[in-house]
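Chain residues, written in single-letter form:
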2 protein chains.
Amino acid sequence: MDKNLEKQFRAIVGADHFTDVQEDLLCYAFDATREQYLPEAVLFPGSVQEVSAVLRLANARGVPVVPRGAGSGFTGGSLPLKGGLVMAMNRFDRIRLIDTDNLVAEVEPAVVTAKFQAAVETVGLFYPPDPASYTFSTLGGNIAENAGGMRAVKYGVTKDYVRGLEVVLPSGEIVHTGSACAKDVVGYDLTTLFVGSEGTLGVVTKAILRLLPLPEAKQTLSASFSDMGAAARTVSEIIGRGIVPATLEFLDGASLGAVEKHFGLGLPTDAEAFLLIEVDGDQAGLDRSLNRVRSVCEKNGALEVKVARQKAEQDELWRARRAVSPALRAISHYRMNEDIVVPRSKIPEMIERIQQTAEKYGIPIISFGHAGDGNIHVNVMAGPAGEADLPKMKKAVVEIFEATVALAGRISGEHGIGLAKQPYIGMNLDAPTLALCRLLKKTLDPNNILNPGKMFPSVREAH
Amino acid sequence: MDKNLEKQFRAIVGADHFTDVQEDLLCYAFDATREQYLPEAVLFPGSVQEVSAVLRLANARGVPVVPRGAGSGFTGGSLPLKGGLVMAMNRFDRIRLIDTDNLVAEVEPAVVTAKFQAAVETVGLFYPPDPASYTFSTLGGNIAENAGGMRAVKYGVTKDYVRGLEVVLPSGEIVHTGSACAKDVVGYDLTTLFVGSEGTLGVVTKAILRLLPLPEAKQTLSASFSDMGAAARTVSEIIGRGIVPATLEFLDGASLGAVEKHFGLGLPTDAEAFLLIEVDGDQAGLDRSLNRVRSVCEKNGALEVKVARQKAEQDELWRARRAVSPALRAISHYRMNEDIVVPRSKIPEMIERIQQTAEKYGIPIISFGHAGDGNIHVNVMAGPAGEADLPKMKKAVVEIFEATVALAGRISGEHGIGLAKQPYIGMNLDAPTLALCRLLKKTLDPNNILNPGKMFPSVREAH
């Protein structure tokens, strides 16, 4: 970037909010993937007008701009692949309004999700989306990726809670989508076009979020099974009986073993499948739901069913669930963390195919995740050979994607496409549908300045 | 249309599924507005390939095409304003799949909403969206308009139940948005772009819908109040206590009077506001919810609270609610039926402003609707002067829209923009946002063949 142009960007945000010092740039070069790309500068706009001015100038001069929240994404969405500017949204960190009468909030994108959840809970309200990263990821990042989480089975994902957005387009124009109203059919639904667009269509500077009353009570139950089929049948039968738990998670035998080995939480290591189920709602109905869930588990041959009645016990169980990912990290440095999703009833078949792939390549593949909504975190790991297993791991991932598609599933349920999955997007989107996505990108960002190189495979790769 | 072109369209769908006979055309010239526009021909495609071929040809030759469901819309969405072809979707009338394991269905667009609801209920499932037209409107029409209904306060609107679509673009390209999966972040969320697009962006030929388990039980309570403020405070307090009823409807004094006069259902005619509340859920929690609702009503000075325990009593109450619209039709031939929406807490102020407008112009304005979600059906009627009141009525509508916007509301909550509200769309959408909507229309339909003249004011009107 030439010095004069840099000076102009610096002038827009102020010298205190602009850096091109190498040590600073390094801090904005990474995300939760292991890849790293250096930006040419990082700026921290302080207002929507500054965001607009930066984009207008970048658009005129063809400078790539990559919006960034906490940088905790798994697919490279916030990596400055083509250099240019990282637009760090850190200063947009206010909860502007929590409206208890209308169950809505107005937030800025850099608010950390857990902080927002805590704030609404103090006034008896509830913001359900809970990606695993919720203690550090931001609402803006969650919106950009349409983040999911454990409660999706009952409560849906981020897009189900976004009523409206203030978005700055690549042109610098500021648009306002949706509203605080519960119903709104004025014009096209632009809100959801931006939710999940991975920072490629616009920069969110404000969001109106829908809230729910905080459920009166919740309880957690765990059940272990000697095989995955029995666990999967249990899941189907719970939902089939009209009970929709707030969360319905599973760990496979290998995940259980990994957690136990590294954290020693007292989980059953002889089981091949472990279900973690939280029911929430009115106190009156809760015991009944819990008993019904328990009886379905027992009917399907659970080895052991435990109800965690005290908060401490519940926290312990959820700590185990959240410990899976760190525990796997300890097993091998080489790990591909996929998040396929299949219709819930296809989970047993999917797990079976994953096991076949693991055996075929002789590498560990460990699965856990959201049994209730079919979203499985598949961790393809290196065996004792370490780095030398990487080619096998890549082949295994493709085979797993193929099996996913064969079972009417999708290659990403909540992590997004970003950089990591773009070679595979055509496995889910047929040519006209992918062409429509590209056309929308080209229409909103004709100079391809906003998060360039993401989501869509380059033309060379696509052919 | 020249005879040769007509012959080509006829050849695509077959002679039995094409008509240009005047008597037939008349049947496809109207909707629930009082306006009428004759198409040049009506065709009834029988497959997605035929829809594609028709659009491809129409696009090449610049022939307007207006997709049509039941033609029951209130804003002119299905009127063939510019002539051309009506594409009647009647033959797409199959429920292709009801998947009880994964709580999804696959439907064609001409399935009548009530018929679909009944079909899923027989297997213990629930499709919540319930526009007032549900006994005759179609799922495709509901999707095109993003139809709402009474259950939106708890269950949301049509878009909240559409997981995926097969859509034919104006170019004839067939795209597939979304999937049956509960989570899906592969590519942009195209589904919601088409939901509520009023047949201006594409023709839906298939939809994947999300279902819920059918709630175990429901109960209905009614409460009358001597003033609207007390009723509105009751609504706020119910939700404030964390109870979200399945429906939370209100009638003002004039609606009550009109229903009583024409149907004699025994409603209290001395009340100024009447609430109709349905709670649903597990039997265990239901009585408690109902008692809590009742005590909130009593605390806020309800004149009378009645619980309808038997199905017959419940049906009677909902019959009263559904009788409002026909009862108003009997009062005057001249009626403008608006469906503004405001944040729930603004309802009392909105009702007050509506009353001021009624007094100012000396015409009856009758309000009823969805207190739970802030969506008010405002019926601006002619007084004894009849037709001569029309100019006053139009002014009153604009004043009501202005008040709506001042209270952070929207000019349409569920009816759409269509023809009826396009002059006012700029009251809600600022210039860049409206420009983005227009840009999307132009991108997807560069020759403006699909439902032309809808949603967006013509450039002349806009200036």
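Small disclaimer: the values here were computed from a predicted structure and weren't measured.

Conventions we followed
Residues numbered from 1 in each chain as written. Chains lettered and ligands numbered in written order. Predicted model: local features only at pLDDT ≥ 70, side-chain atom pairs only at ≥ 80, totals over all residues. Heavy atoms only, no water. Helix = DSSP H or I, 4+ residues; strand = E, 2+ residues; numbered from the N terminus. Rg over C-alpha atoms; globule rule 2.2 N^0.38 Å. Buried < 20%, exposed > 50% of the residue type's maximum accessible area, 1.4 Å probe, protein only. Contact = heavy atoms within 4.5 Å. Areas by Shrake-Rupley, 256 points an atom, 1.4 Å probe, with all protein chains shown as cover. Lys, Arg positive; Asp, Glu negative; His and termini not counted. Charge placed at Lys NZ, Arg CZ, Asp CG, Glu CD. Least-squares fit on C-alpha atoms with pLDDT ≥ 70 in both. Pairing = 2+ DSSP bridges. Axes fitted to C-alpha atoms, helices over the stretch in contact; angles between N-to-C directions. Domains from an automatic or database assignment. Buried area = accessible area lost by both parts, 1.4 Å probe. Salt bridge = Lys/Arg side-chain N within 4 Å of Asp/Glu carboxyl O. Polar contact = N/O pair within 3.5 Å; in protein donor to acceptor, adjacent residues only side chain to side chain. Nonpolar A, V, L, I, M, F, W, Y, C, P; charged D, E, K, R; others polar. Arc of directions from axis to C-beta. Left-handed = near helix turned anticlockwise from the far one by under 90°. Parallel < 35°, antiparallel > 145°, perpendicular 65-115°, else oblique.

Participant: Teacher, can you tell me more about the overall build of chain A here?
Facilitator: Check the secondary structure of chain A and you find 15 helices and 18 strands. Expected size for 463 residues packed as a compact globule is a radius of gyration near 23 Å; at 23 Å, chain A falls within 12% of this value. Seen along its three principal axes, the alpha-carbon backbone of chain A occupies a region of about 70 × 55 × 45 Å. A buried classification covers 61% of the 463 residues belonging to chain A. Relative to all contacts within chain A whose residues are 6 or more apart in sequence, the contacts with residues 24 or more apart total 72%. Split by element, the accessible area of chain A, about 16800 Å² in all, is 51% carbon and sulfur. The average position of the 49 basic charges and that of the 55 acidic charges among the side chains of chain A differ by 2 Å.

Participant: What exactly am I supposed to notice about the relation of the copies chain B and chain A here?
Facilitator: One copy of the chain maps onto the other through a rotation about an axis plus a displacement along that axis. Once turned by 180 degrees and shifted 0.0 Å along the axis, chain B lies on chain A with an RMSD of 0.0 Å. Both chain copies can therefore be described as sitting about a two-fold axis. Taking the C-alpha atom as reference, chain B places Gly 285 of chain B closest to the rotation axis, 2.7 Å from it. Take the interface residues of chain B: 99% of them recur as interface residues in chain A, which is what a same-surface contact looks like.

Participant: Got a minute to help me understand the sheet that holds strand β2 (residues 41-43) of chain B in this structure?
Facilitator: Sheet strands line up and pair through hydrogen bonds in the backbone, either parallel or antiparallel. All names here are of chain B. With mixed pairing, 4 strands are arranged side by side in an open sheet as β1-β2-β4-β3. Looking at which strands have only one partner, the edges of the open sheet turn out to be β1 (18-19) and β3 (65-68). Taken together, the 4 bridges between β3 and strand β4 (residues 85-88) define a ladder with parallel strand orientation. Of the residues in β4, the one forming a bridge with Val 66 is Val 86. Strands β2, β3 and β4 of the sheet are contacted by helix α3 (residues 48-61), whose axis makes an angle of about 165 degrees with β4.

Participant: Looking at this structure, I do not really get the environment of Arg 344 of chain B. What am I missing?
Facilitator: Mapped onto the fold, Arg 344 of chain B is located in the loop between β16 (335-341) and α12 (347-361). Distance from Arg 344 of chain B to Val 153 of chain B, taken between C-alpha atoms, is 10.0 Å for residues 191 residues apart in sequence. The contact partners of Arg 344 of chain B, leaving out residues within four places of it in the chain, are Asp 101, Asn 102 and Leu 103 of chain A together with Val 235, Ile 239, Ala 371, Gly 372 and Gly 374 of chain B.

Participant: What am I meant to see in the domain arrangement of chain A here?
Facilitator: When the parts come together, some accessible area is lost, and that loss is often what is quoted as the size of the interface. All names here are of chain A. Annotation of chain A at the domain level lists domain 1 (1-214), domain 2 (215-330) and domain 3 (332-428). Put simply, the middle of domain 1 and the middle of domain 2, counted by C-alpha atoms, are 34 Å apart. Counting residues at the interface gives 13 residues for domain 1 and 14 residues for domain 2. For the domain 1 and domain 2 pair, buried surface summed over both sides reaches about 1100 Å², with 57% attributable to carbon and sulfur atoms. When the buried area of domain 1 at its contact with domain 2 is split by residue, Met 150, Val 153 and Lys 154 rank highest and sum to 56% of it. Where domain 1 touches domain 2, the interface holds 1 salt bridge. Note that Lys 154 is salt-bridged to Asp 280, the shortest N-O span being 2.7 Å. Connecting domain 1 to domain 2 are 3 residue pairs in polar contact (both at pLDDT 80 or more). Ranked by the residues each element gives to the side of domain 1 that touches domain 2, the list is headed by helix α6 (residues 152-155), at 3 residues. Tallied by class, the residues present in the side of domain 1 that touches domain 2 amount to 9 nonpolar, no polar and 4 charged.

Participant: Teacher, can you tell me more about the pairing of strand β18 (residues 375-381) of chain B here?
Facilitator: Residues and elements named next belong to chain B. Among the 7 residues that make up β18, 7 are buried, leaving the element largely enclosed by the rest of the structure. Burial of β18 is two-sided: the residues Asn 375, His 377, Asn 379 and Met 381 facing one way and the residues Ile 376, Val 378 and Val 380 facing the other way are all buried. Strand direction decides the pairing type here: β16 and β18, joined by 7 bridges, are antiparallel. If you follow Asn 337 over to β18, its bridge partner there is Asn 379. In the sheet, strand β17 (residues 365-370) pairs with β18 via 6 bridges, with the strands oriented antiparallel. Each residue of the ladder has a partner; that of Ile 366, found in β18, is Asn 379. Once β17 ends, the chain turns through 4 residues before running back antiparallel as β18, passing Gly 374 with a positive phi of about 80 degrees.

Participant: Is there a simple way to explain the interface of chain B and chain A in this structure?
Facilitator: Taken together, the contact pairs 80 residues of chain B with 79 residues of chain A. Summing the contributions of chain B and of chain A, the shared interface buries around 6100 Å²; its carbon and sulfur component is 62%. Taken as a group, Lys 183, Val 185 and Tyr 188 of chain B account for 16% of the area that chain B buries against chain A, more than any other trio of residues on that side. At the junction of chain B with chain A, the criterion picks out 10 salt bridges. In this structure, Lys 159 of chain A and Asp 189 of chain B form a salt bridge, with 3.0 Å as the shortest nitrogen-oxygen distance. At the surface where chain B touches chain A, the tally comes to 30 residue pairs in polar contact (both at pLDDT 80 or more). For the side of chain B that touches chain A, the secondary structure elements donating two or more residues are β9 (174-178), α7 (191-194), α10 (283-299) and α14 (431-444) of chain B. A per-class count over the side of chain B that touches chain A returns 36 nonpolar, 26 polar and 18 charged.

Participant: Got a minute to help me understand helix α1 (residues 3-13) of chain A in this structure?
Facilitator: Along an α-helix, a turn takes 3.6 residues, which lines up residues three or four apart on a common side. Residues and elements named next belong to chain A. Looking only at α1, the buried set comprises Leu 5, Glu 6, Phe 9 and Val 13. Buried residues in α1, looked at end-on, bunch into an arc of 100 degrees, giving them a common side. Structural note: α1 exposes Lys 3, Lys 7 and Ala 11 on the side pointing more than 90 degrees away from its buried face. Elements in contact with the buried residues of α1: β1 (18-19), β2 (41-43), α3 (48-61) and β4 (85-88). The N-cap residue of α1 is Asp 2: its side-chain oxygen and the backbone nitrogen of Asn 4 are 3.0 Å apart. Directly beyond the C-terminal end of α1, a positive phi value near 95 degrees is found at Gly 14.

Participant: Any chance you could explain the packing of helix α8 (residues 228-240) of chain B against α10 of chain B here in plain terms?
Facilitator: Residue and element names in this part refer to chain B. Closest axis-to-axis distance for the α8/α10 pair is 9 Å, and the angle between their directions is 145 degrees. Here α8 runs over α10; the crossing is right-handed. Along its contact with α8, which presents Thr 234, Glu 237 and Ile 238, the element α10 presents Val 293, Val 296, Cys 297 and Lys 299. Along the lines of polarity and charge, the residues of the contact of α8 with α10 split into 4 nonpolar, 1 polar and 2 charged.

Participant: When you look at the packing of helix α12 (residues 347-361) of chain A against helix α13 (residues 390-406) of chain A in this model, what are you seeing that I'm missing?
Facilitator: Geometrically, a packed helix pair is captured by the angle between its two axes and the distance between the axes. Residue and element names in this part refer to chain A. Between α12 and α13, the shortest axis-to-axis distance is 10 Å and the interhelical angle comes to 155 degrees. One finds that α12 runs roughly antiparallel with respect to α13. Read as a crossing pair, α12 and α13 show a hand that is right-handed. Across the interface between the two elements, Met 350, Arg 353, Ile 354, Thr 357, Lys 360 and Tyr 361 of α12 pack against Lys 392, Lys 395, Ala 396, Glu 399, Ile 400, Ala 403, Thr 404 and Ala 406 of α13. Partitioned by chemical class, the residues of the contact of α12 with α13 number 7 nonpolar, 2 polar and 5 charged.

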